[in-house]
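Structure assessment
Here's the letter readout for the chains.
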Amino acid sequence: MTKLSRRSFLAASTAAAFVRPRRAAAAVALASVKEAYRGVFLIGTALDFRRPDEFDAAELAIITSQFNVITPENSMKPGPIHPQEDTWNWAQPEALLDFCGKNAMKTVGHCLVWHSQTGAWFFEGASREIALQRLRSHIATLVGRFKGRVIGWDVVNEAINDGGNDTTAATENLRDTRWLQTVGPDFLTQAFRFAREADPDVALHYNDYSIESGFKHQSSLVLLKRLIADGAPITTVGIQGHWSLTGLTPERYQQIDEAIAHYKALKLKVAITELDVTLSGAGGGQLGGGGRGTPPPPPTAEQLQAQAEAYAKLFGIFVKHRDAVNRVTFWGLHDRRSWRSGQSPLAFDRDGKPKPALDAIVAAAPK
Ligand code: G3I
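Here the structure is a predicted model, which means the values were calculated and not measured.

Here we look at the environment of tryptophan 114
Mapped onto the elements of the fold, tryptophan 114 is located in the loop between strand S3 (106-113) and helix H7 (128-145). Put simply, tryptophan 114 and lysine 147 are 33 residues apart on the chain and 21 Å apart in space, counted from C-alpha to C-alpha. Excluding its chain neighbours within four sequence positions, the residues that come into contact with tryptophan 114 are Lys77, Asn157, Glu158 and Trp179.

Considerations on the site of the ligand
If you check the shell around the ligand, you find 17 residues, and the closest are Glu73, Lys77, His110, Glu158 and Glu274. Glutamate 158 places a side-chain nitrogen or oxygen 2.7 Å from a nitrogen atom of the ligand. In the environment of the ligand, an oxygen atom lies 3.5 Å from a nitrogen or oxygen atom belonging to the backbone of glycine 285. In the complex, the protein chains occlude 58% of the 790 Å² of accessible area that the ligand would expose alone. Classifying every residue of the shell around the ligand by side-chain character gives 4 nonpolar, 7 polar and 6 charged.

Observations regarding unusual backbone geometry
Residues histidine 110 and cysteine 111 are joined by a peptide bond in cis, for which omega reads -5 degrees. Structurally, cysteine 111 can be placed in strand S3. One non-glycine residue, serine 210, adopts positive backbone phi at about 60 degrees. Within the element layout of this structure, serine 210 appears in the loop between strand S5 (203-208) and helix H10 (214-229). Its identity is not glycine, yet serine 344 carries a phi of approximately 45 degrees, on the positive side. Residue placement: serine 344 occurs in the loop between strand S9 (325-330) and helix H13 (356-363). Here serine 344 falls in the buried class, since its relative accessible area comes to 6%.

As for the side chain of threonine 71
The residue threonine 71 is located in strand S2 (residues 69-72) in this model. Those residues in contact with threonine 71 that sit more than four places away from it in its chain are Thr45, Ala46, Leu47, Leu96, Val108, His110, Arg327, Thr329 and Trp331.

Side note on empty space enclosed by the protein
Enumeration over the complete set of coordinates arrives at 3 cavities of 30 Å³ or more. Approximately 70 Å³ is the volume attributed to the second largest cavity. Residue composition of the lining of the second largest cavity, grouped by class: 6 nonpolar, 3 polar and 2 charged.

Thoughts on the confidence of the model for the protein chain
Per-residue confidence for the protein chain gives a mean pLDDT of 92, with 90% of residues at or over 70. Overall, residues 1-27 carries pLDDT values under 50, and its contacts beyond four positions in sequence, including any with other chains, amount to 39 contacts.

Considering helix H11 (residues 250-265)
The end-to-end C-alpha distance of H11 is 23 Å, a good match for the 22 Å that 16 residues give at a rise of 1.5 Å each. Every buried residue belonging to H11 is among Arg252, Tyr253, Ile256, Asp257, Ala259, Ile260 and Tyr263, and all of these are buried. Angular distribution of buried residues about the axis of H11 spans 160 degrees; they occupy a single face of the element. Exposed and oriented more than 90 degrees from the buried face of H11 are Pro250, Glu251 and Ala265. Among the structural elements, H10, strand S6 (236-239), strand S7 (242-244), strand S8 (269-278), helix H12 (301-320) and S9 are those in contact with the buried residues of H11.

With respect to helix H4 (residues 57-66)
Burial of H4 is extensive: 9 of the 10 residues sit out of reach of the surface. Two to three positions downstream of the cap, the backbone nitrogen of alanine 58 sits 3.1 Å from a side-chain oxygen, assigning the N-cap of H4 to aspartate 56.

Remarks on the packing of H7 against helix H9 (residues 187-198)
The relative placement of two packed helices is expressed as an angle between their axes plus a distance between the axes. Axis separation between H7 and H9 bottoms out at 9 Å; the angle between their running directions is 35 degrees. As H7 runs across H9, the sense of the crossing is right-handed. Packed against H7, whose contacting residues are Arg128, Leu132, Leu135, Arg136, Ile139, Ala140, Val143 and Gly144, the element H9 presents Phe187, Gln190, Ala191, Phe194, Ala195, Glu197 and Ala198 at the interface. Residue composition of the contact of H7 with H9, by class: 10 nonpolar, 2 polar and 3 charged.

Focus: the pairing of strand S1 (residues 42-47)
Burial of S1 is extensive: 5 of the 6 residues sit out of reach of the surface. Where S1 and S9 come together, 3 bridges link them in parallel fashion. Paired with isoleucine 43 across the two strands is valine 328, which belongs to S9. Alignment of S1 against S2, held across 4 bridges, turns out to be parallel. The partner of alanine 46 across the bridge, within S2, is threonine 71. For the segment spanning S1, H4 and S2, crossover handedness is right-handed.

How each quantity is defined
Residues numbered from 1 in each chain as written. Predicted model: local features only at pLDDT ≥ 70, side-chain atom pairs only at ≥ 80, totals over all residues. Heavy atoms only, no water. Helix = DSSP H or I, 4+ residues; strand = E, 2+ residues; numbered from the N terminus. Contact = heavy atoms within 4.5 Å. Near = heavy atom within 4 Å. Polar contact = N/O pair within 3.5 Å; in protein donor to acceptor, adjacent residues only side chain to side chain. Areas by Shrake-Rupley, 256 points an atom, 1.4 Å probe, with all protein chains shown as cover. Nonpolar A, V, L, I, M, F, W, Y, C, P; charged D, E, K, R; others polar. Buried < 20%, exposed > 50% of the residue type's maximum accessible area, 1.4 Å probe, protein only. 1 Å grid on protein atoms, 1.4 Å probe; cavity = no way out; pocket = protein on both sides within 12 Å on 5 of 7 lines; lining within 4 Å. Points joined across faces, edges and corners; volume = space filled by probe spheres on them. pLDDT = per-residue confidence, 0-100. Expected span 1.5 Å × (residues − 1). Arc of directions from axis to C-beta. Axes fitted to C-alpha atoms, helices over the stretch in contact; angles between N-to-C directions. Left-handed = near helix turned anticlockwise from the far one by under 90°. Pairing = 2+ DSSP bridges. Right-handed = clockwise from strand over helix to strand, strands pointing away.

Shown next, in the form of structure tokens:
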């Protein structure tokens, strides 16, 4: 088991001192994923400070001992942060940036352009030119405010359709969104240009789920090649990594491995941006199913072992491509807070206790 750094150990111990002995014991014995992968890639989580007391001491101990980068799960999305043209909600993002600054953690921005969680005002009475003006202003204000304070932005999120077939695989197969309808297919290139105008140094990502396999992978390559040819200042592909034990077949692992190699061949970096491995159900980033609600029955030992092995295999692939992979972010802190909480997808359980996956992930790190 990898030892905690003195700093992480102290943070975990200090926080654990305020909680029940059962949790304190777990926190002190904890392996640290960020320490295990220090110098390999960043290790992240996704969360928001919706209230000052959002997290208890044990949760804060997990955050500071395990991760070195945070993605806001919701608070920087277009709808939450910019619900009306003249209304901005800065409190939650600023609280997150403040926490990251105080704990020597980095922050990733998520996300500038999406078909979901986006105010209708962007499109009201909008011609192509007006929609682009609104987008440019949105990006200039948001990226400009956090210039130098976030390491990267998910510039465009989930622009490719689900599914597909042999015919669509030869095309970008773009999702039929208000952005596509109002601006046309160059909304992506424009968004990347606006982001680069606002921050000349920040990493700029295209982020999507299920792009590592099948027809959607083929479409992602068509799209990325077009963006590069058009001069879009893209630096990174974000493979979200919403996977399920049911879908992680040997073929799927191979596809993930090959997809990273394909993106690397385009001279792009790769980040795993929203990692989780559910015990049941389908993978993918689509809303619905397996969400928050009635707690599921506790996982069996066999399920936890299978999940641990899956995480170890995935991290093995990420390490193999460490020259391209610069970050692996888990989508949530522990199972109770996960968007897939009904399917126990993370390395910490509903009580914040480490699952077998944690040691397996740490053991998969290069020695
Ligand atoms: O904040 C409101 C709260 O005021 C209200 O009382 C409550 C009632 O349901 O809803 C709260 O908002 C919810 C929000 O999460 C914060 O908890 C929304 O309903 C809910 O839809 C939203 O879900 C988020 C989802 O994106 C929305 O699209 C999930 O937390 C978030 O994990 C998920 O993240 C996405 C990534 O951004 C992109 N990739 C896929 C991934 C999973 O869907």
